[in-house]
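Report on the structure
Read off the chains here:
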Amino acid sequence: MKITDDTIEEHGLTRQEYERIVDGLGGREPNITELGVFSVMWSEHCSYKSSRIHLKKLPSEGDCVIEGPGENAGVIDIGDGLAVAFKMESHNHPSFIEPFQGAATGVGGILRDVFTMGARPVALLNSLRFGAPENAKTAYLLEGAVAGIAGYGNCMGIPTVGGEVAFHESYNGNCLVNAMTVGVLKADKIFKGNASGIGNPVMYVGSRTGRDGIHGATMASDVFGEGGEERRPTVQVGDPFTEKLLLEACLEVFKTDHVVGVQDMGAAGLTSSSIEMASRAGTGIDIDVKDVPRREEGMTPYEILLSESQERMLFVLKIGSEAAVREIFKKWDLEAVVIGEVTGTGRVIIREGEEVVADMPVDTLTDAAPVYNRPIKRPDSQDELNRLDMDSISLPTDYNETLLSLLASLNIASKEWVYEQYDHMVRTDTLVMPGSDAAVVRIKGTTKALAMSVDCNSRYCYLDPFTGAAIAVAEAARNVSVSGAKPLAITDCLNFGNPERPEVMWQFEQAILGIREASLKLGVPVISGNVSLYNETSGTAIYPTPTIGAVGLIEDSLKVTTQYFKDAGDVIVLLGENLEELGGSEYLKVTRGLDKGMCPVLDLDKELALQEACREAILSGIIKSAHDISIGGLAVAIAKSALNPKGAVGAEVNVADSNTKEGIRNDALLFGETQSRVILTLKESDLEALSVIAKANGVPFKAIGHVGGDRLKINGLIDIPLGEVSLKWKSMIKNFVA
Amino acid sequence: MKFGIVVFPGSNCDHDCYHAAKHVMGQEAEYIWHKTTSLKGFDCIVFPGGFSYGDYLRTGAIAKFSPVLKEIKKFADNGGLVLGICNGFQILCETGLLPGVLMRNSGLKFICKDVGLRVENVNTPFTKLYEEGQLLDIPIAHADGNYFADAETLKSLSGNGQIILRYATKDGDVDASANPNGSVGNIAGITNKEKNVFGLMPHPERAMEASLGGTDGYAFFESIVKVVS
């Protein structure tokens, strides 16, 4: 088949990139199979060609880091010989085209990334973003994606314990589905995607290869126009049952001494797994596609190499161990076939029987892939965007109404409808269920527990990508801290528009710098991550969405704290300071339809002190509840703490004379989203002890009210029966999808 | 005593049941691979929850052909205790060890949450330590828990005291508001006529430690231990 300009374009490659391929092949033109392999390896999705130079700026080192970015997942040390592997990944493009399968296979892919490292997955989280509620596709995408995540995670028996769901018109044409897996493993038993040892056999395991998902990675590296549905065949179909068998079989094989390296076949399937493994080891690899188990007759080498059929793994084994390993997979009714071997040639050679159908240097496909320093430009509209004339915003006439309308916003409303569809208790380790700031999962056989949270406020990132991204890190870490855990590390999933537009690259660069600053200051290295670009349709990009997943450690799982008020008579304390900030708030959006102003400021010194004070107080055993103040501000935070699922309990609060600066507007006080604030409850008699801890950490401290009664009373401005608050907050999403 | 926990391809509450039997109850426990043909030494066989064979066909429809089932039928016929939780209950119905079927939830969605239950019969080896009419809070987690049986079967279930658990409100009322999945008569758990085979949709193994939110499921396992010992 002759390679024409059209063929090159269909493969998502530029003319210059093509010439680079010819160079890499020593002046020879690639055949169609080779062109296919290059096109996926050099796609944005696999090569990170637009983002790579920026990603290098992210701090990935720390005392607890065992494995940073570059492997299938990052790994941190949690002491006593144990380690935790985690990563977050996007499945945005497929989920918009086919939400159920797109989301399901997103979960499947990230699970494989984690158990490939040798870890048993113990928790799933996700971050979902859909278009405006009034958009015709929103409810359909929400229902489909949630059912897909449930269908996969529930069948696997891994609890889906936390996450976030948000709605905004910027996602009308591109929903976001980011999935995170956390797994536990022994610190000295970590497996890597490494094809070392010349002559070692390469074994294919799992589902057969079909024609599904060919060029999925390329699709994920392109913008949508009209008619995205036509791309449905590039979406893979998930089979969680086979993945469950694969998980159990792999963990059994990992207990043996036979495995040299392993990698899952995710995006770009057999191609990227084999080539990346050879690249990491500095070796070559020889594969005969005739030996690859196939679902149908007549598949070409091109199709076999580029298929993204799910639930497949590639192992490199020690010579002579093939039979023993095959026996374990057989027990789990899985196919395991030797399809090639590791070589010392530095080349990936694909054969079909006797015939060589592709022969390419490994380093040209990987290290020598194009890297772009794309032009960057701050949008001209940014100044106007950041301008907010506070005098033009009149104060609410009825604060009760305002609070209820905020609680009814789908971004704040209870996500019970979502997480009730996820099995969040299987494995009997979930100490804190979905709904509180962070989910907490214990580790059986130890006193330890892991706290985890996924966060991003993309409106902040739109107004100021640097601060918005830093706040995402701060909030994820804060959520983990208020559960009593020490945040150890983060993973990121960077969702942006078309990188070929300088304004998008500006957002991207700013966000990276913001994550960097917060990560360094808060001591949470970025140990893994994923970039999803080209999230735009017909020229409209999503709001920049750098989602952050944080994992923290609780040494004594009895010290876990939730956000819920417990007992009448307890004192409510505010840590932190109220500033007059309304820019980027949900309040402005809900009441005025505005995404405008400056997002809240973030002082990382204050943030660090706040989180340390919180943890210290929780560890001292005096704290009954701890809740971070975020979207919706102080009033919403108090309402959500009051709505304890084990029985709601009211509160009476007066913050007017607290840390408030003189002259602060009442709407900013109640609904502004100033950072680095937490509300705690405790017994009156423990107040002094808390005050000492707050002072020692230099954190502003003030008792602002008491738990009790069946009403929510704030500052003489808000006075609503709890039943009304609960009804509004709980019913919105249910009613929306009904 | 010794619990045996049957593992099918796709079982996923096997570890939880093992933990409950071994670490919470402090009893002996062992996994039983579904191809096993000997049940020697076991006092109670547990069919754990999960998605045996992916439940792609009908829940439990393929699991019932596993070799271990033949042995378990003999084990039950000889009076051995068999407990089926969630997918385990579905499998027991498929094999005919328990009457009736479990259909797709009336709301058509998977549901994971705490539900209220009322204990209907304490004269069984599984509920001995509860009180008649006792109200429990135990989680469910299933997509196919909508119990159905024809009128005649229901009549005999009821007449023989085989209905063990019903979904109930906080006040103990058995009404539609307490029914999470559309089960006929709010039925959440039943036994066979001889009361040595018990199937239930709720997950007692998830409600045995206070740190996980409640201990209302503990006495099911405690009853078994007491009866056997």
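To keep things clear, this report deals only with the structure shown in the data block. (Residues numbered from 1 in each chain as written. Chains lettered and ligands numbered in written order. Predicted model: local features only at pLDDT ≥ 70, side-chain atom pairs only at ≥ 80, totals over all residues. Heavy atoms only, no water.)

1. Description of the overall build of chain A
Helices and strands together make up the secondary structure of chain A, namely 26 helices and 28 strands. Taking 738 residues into account, the globule formula puts the C-alpha radius of gyration at 27 Å, and chain A, at 26 Å, falls close to it. Taken along its principal axes, the extent of the C-alpha atoms in chain A is 85 × 55 × 45 Å. When the 738 residues of chain A are sorted by exposure, 67% land in the buried category. Intrachain contacts of chain A at a sequence separation of at least 6 include 85% that bridge at least 24 residues. Accessible surface computed for chain A: about 24100 Å², of which carbon and sulfur atoms make up 49%. (Helix = DSSP H or I, 4+ residues; strand = E, 2+ residues; numbered from the N terminus. Rg over C-alpha atoms; globule rule 2.2 N^0.38 Å. Buried < 20%, exposed > 50% of the residue type's maximum accessible area, 1.4 Å probe, protein only. Contact = heavy atoms within 4.5 Å. Areas by Shrake-Rupley, 256 points an atom, 1.4 Å probe, with all protein chains shown as cover.)

2. Overview of unusual backbone geometry
Notably, Tyr48(A) is not glycine yet its phi reads approximately 55 degrees, a positive angle. On the secondary structure map, Tyr48(A) appears in the loop between helix 4 (44–47) and helix 5 (52–55). Phi is positive for Cys86(B), close to 60 degrees, though the residue is something other than glycine. Checked against the element boundaries, Cys86(B) lands in the loop between strand 4 (81–85) and helix 3 (87–95).

3. Examining the packing of aromatic side chains
Evaluation of the coordinates by the stated rule reveals 20 aromatic pairs over all chains. Taken together, a centroid distance of 5.9 Å and an interplanar angle of 45 degrees make the contact between Phe241(A) and Tyr53(B) tilted. Residue Phe241(A) is found in helix 10 (residues 240–254), and its partner Tyr53(B) is found in the loop between strand 3 (44–47) and helix 2 (68–77); the two belong to separate chains. Assessed through its relative accessible area of 18%, Tyr53(B) is described here as buried. A centroid spacing of 5.8 Å and a plane angle of 45 degrees characterise the contact between Phe3(B) and Phe221(B), whose relative ring orientation is tilted. Of this pair, Phe3(B) sits in strand 1 (residues 2–7) while Phe221(B) is found in helix 5 (residues 218–228), placing the two residues 218 residues apart along the sequence. When its relative accessible area of 0% is taken as the criterion, Phe221(B) is described as buried. (Phe/Tyr/Trp six-rings, centres within 6.5 Å; stacked < 30°, edge-to-face > 60°.)

4. Details of the nonpolar core
Counting 125 residues, the largest nonpolar core has Phe315(A), Phe329(A), Phe3(B), Ile45(B), Phe47(B), Tyr147(B) and Leu165(B) as its most contacted members. Broken down by element, the residue count for this core peaks at 9 residues, all from helix 10 of chain A. In contact with Phe329(A), other than residues within four places in its own chain, are Val205(A), Ala249(A), Cys250(A), Val253(A), Phe315(A), Leu334(A) and Ala336(A). Judged by nonpolar contacts, the second largest core, of 45 residues, contains Trp42(A), Val342(A), Val348(A) and Val357(A). (Core = buried A, V, L, I, M, F, W, Y, C linked by side-chain atoms within 4.5 Å.)

5. Remarks on the packing of helix 20 (residues 502–522) of chain A against helix 22 (residues 604–619) of chain A
All names here are of chain A. Following both chains from N to C, one finds helix 20 and helix 22 inclined at 40 degrees, their axes separated by 10 Å at the closest point. One way to sum up the angle between helix 20 and helix 22 is to call them oblique. Viewed along their axes, helix 20 and helix 22 form a crossing whose handedness is right-handed. Residue-level inspection shows Glu 517, Ala 518, Lys 521 and Leu 522 of helix 20 in contact with helix 22, the latter providing Leu 604, Asp 605, Glu 607, Leu 608 and Gln 611. Counted by class, the contact of helix 20 with helix 22 contains 4 nonpolar, 1 polar and 4 charged residues. (Axes fitted to C-alpha atoms, helices over the stretch in contact; angles between N-to-C directions. Parallel < 35°, antiparallel > 145°, perpendicular 65-115°, else oblique. Left-handed = near helix turned anticlockwise from the far one by under 90°. Nonpolar A, V, L, I, M, F, W, Y, C, P; charged D, E, K, R; others polar.)

6. Describing helix 8 (residues 138–156) of chain A
Helix length check: helix 8 of chain A, at 19 residues, gives a terminal C-alpha distance of 27 Å against a target of 27 Å (1.5 Å per residue), a fit within 8%. Of all 19 residues making up helix 8 of chain A, 14 are buried, and the element is well covered by its neighbours. (Expected span 1.5 Å × (residues − 1).)

7. So, empty space enclosed by the protein
Counted by the stated rule, this structure contains 6 cavities of 30 Å³ or more. In this structure, the largest cavity is lined by 50 residues; those nearest its centre are Gly163(A), Glu164(A), Val165(A), Asn411(A) and Lys640(A). Listing elements by their share of the lining of the largest cavity, those giving two or more residues are strand 4 (120–130), strand 5 (160–167), helix 17 (416–419), strand 16 (449–455), helix 18 (458–463), helix 19 (465–482), strand 23 (623–628) and helix 23 (633–642) of chain A. Looking at the lining of the largest cavity element by element, the count peaks at 8 residues for strand 5 of chain A. A breakdown of the residues in the lining of the largest cavity according to their chemical character gives 23 nonpolar, 17 polar and 10 charged. Of the pockets and cavities examined, the second largest cavity occupies roughly 120 Å³. Elements represented by at least two residues in the lining of the second largest cavity include exactly helix 3 and strand 7 (135–142) of chain B. (1 Å grid on protein atoms, 1.4 Å probe; cavity = no way out; pocket = protein on both sides within 12 Å on 5 of 7 lines; lining within 4 Å. Points joined across faces, edges and corners; volume = space filled by probe spheres on them.)

8. Describing the interface of chain B and chain A
By a frequent convention, interface size equals the accessible area lost on bringing the separate parts together. Counting residues at the interface gives 28 residues for chain B, matched by 32 residues for chain A. Note on chain B versus chain A: buried area summed over both sides is about 2400 Å², and carbon and sulfur give 59% of it. For the pair chain B and chain A, the interface holds 4 salt bridges. The closest approach of N and O atoms between Lys35(B) and Asp333(A), which form a salt bridge, is 3.9 Å. Inspection of the region where chain B meets chain A yields 11 residue pairs in polar contact (both at pLDDT 80 or more). For the side of chain B that touches chain A, the secondary structure elements donating two or more residues are helix 1 (14–24), strand 6 (111–119) and strand 7 of chain B. Residue classes in the side of chain B that touches chain A are distributed as 12 nonpolar, 8 polar and 8 charged. (Buried area = accessible area lost by both parts, 1.4 Å probe. Salt bridge = Lys/Arg side-chain N within 4 Å of Asp/Glu carboxyl O. Polar contact = N/O pair within 3.5 Å; in protein donor to acceptor, adjacent residues only side chain to side chain.)

9. Topic: the pattern of salt bridges
Residues and elements named next belong to chain A. Tallied over the full model, the rule gives 57 salt bridges over all chains. Note that Lys 589 and Glu 169 form a salt bridge whose closest N and O atoms lie 2.6 Å from each other. Pair noted here: Lys 589 is in helix 21 (residues 586–592) and Glu 169 is in the loop between strand 5 and strand 6 (176–186), with a separation of 420 residues, a long-range link. With relative accessibility at 19%, the residue Lys 589 sits in the buried group. Sharing partners across several salt bridges, the network here consists of Glu 169, Arg 459, Glu 586, Lys 589 and Asp 595.

10. Describing the sheet that holds strand 23 of chain A
Residue and element names in this part refer to chain A. Spatially, 23-25-22-26-24-27-28 is the arrangement adopted by the 7 strands of the open sheet, whose pairing is mixed. Two strands close off the open sheet at either side, each with one partner strand: strand 23 and strand 28 (718–721). Averaged over neighbouring strand pairs, the angle between their axes works out to 20 degrees when direction is ignored. Relative to strand 25 (residues 678–682), strand 22 (residues 571–575) runs antiparallel, the two being bridged by 5 bridges. (Pairing = 2+ DSSP bridges.)

11. Some thoughts on the sheet that holds strand 5 of chain A
Residues and elements named next belong to chain A. Read across the sheet, 6 strands follow the order 1-2-3-6-4-5 without closing on themselves; strand pairing throughout is mixed. The outermost strands of the open sheet, each flanked by one partner alone, are strand 1 (65–67) and strand 5. Taken over all neighbouring pairs, the strand axes of this sheet differ in orientation by 20 degrees on average, direction set aside. Sheet topology note: the strand 4/strand 6 ladder contains 9 bridges and is antiparallel. When the bridges of strand 6 are listed, Leu 128 appears paired with Val 177. Across the sheet, helix 8 is in contact with strand 4, strand 5 and strand 6; its angle to strand 4 comes to roughly 175 degrees.

12. Things to note about the state of the cysteines
Working definition: the covalent bond between the sulfur atoms of two cysteines is a disulfide. Residue and element names in this part refer to chain B. Counted under the stated rule, the structure contains 0 disulfides over all chains. Among the cysteines around Cys 13, which has no disulfide bond, Cys 17 carries the closest sulfur, lying 6.4 Å off. Take Cys 86: it sits in no disulfide, and the sulfur closest to it among the cysteines is that of Cys 13, at 6.5 Å. (Disulfide = S-S within 2.5 Å.)

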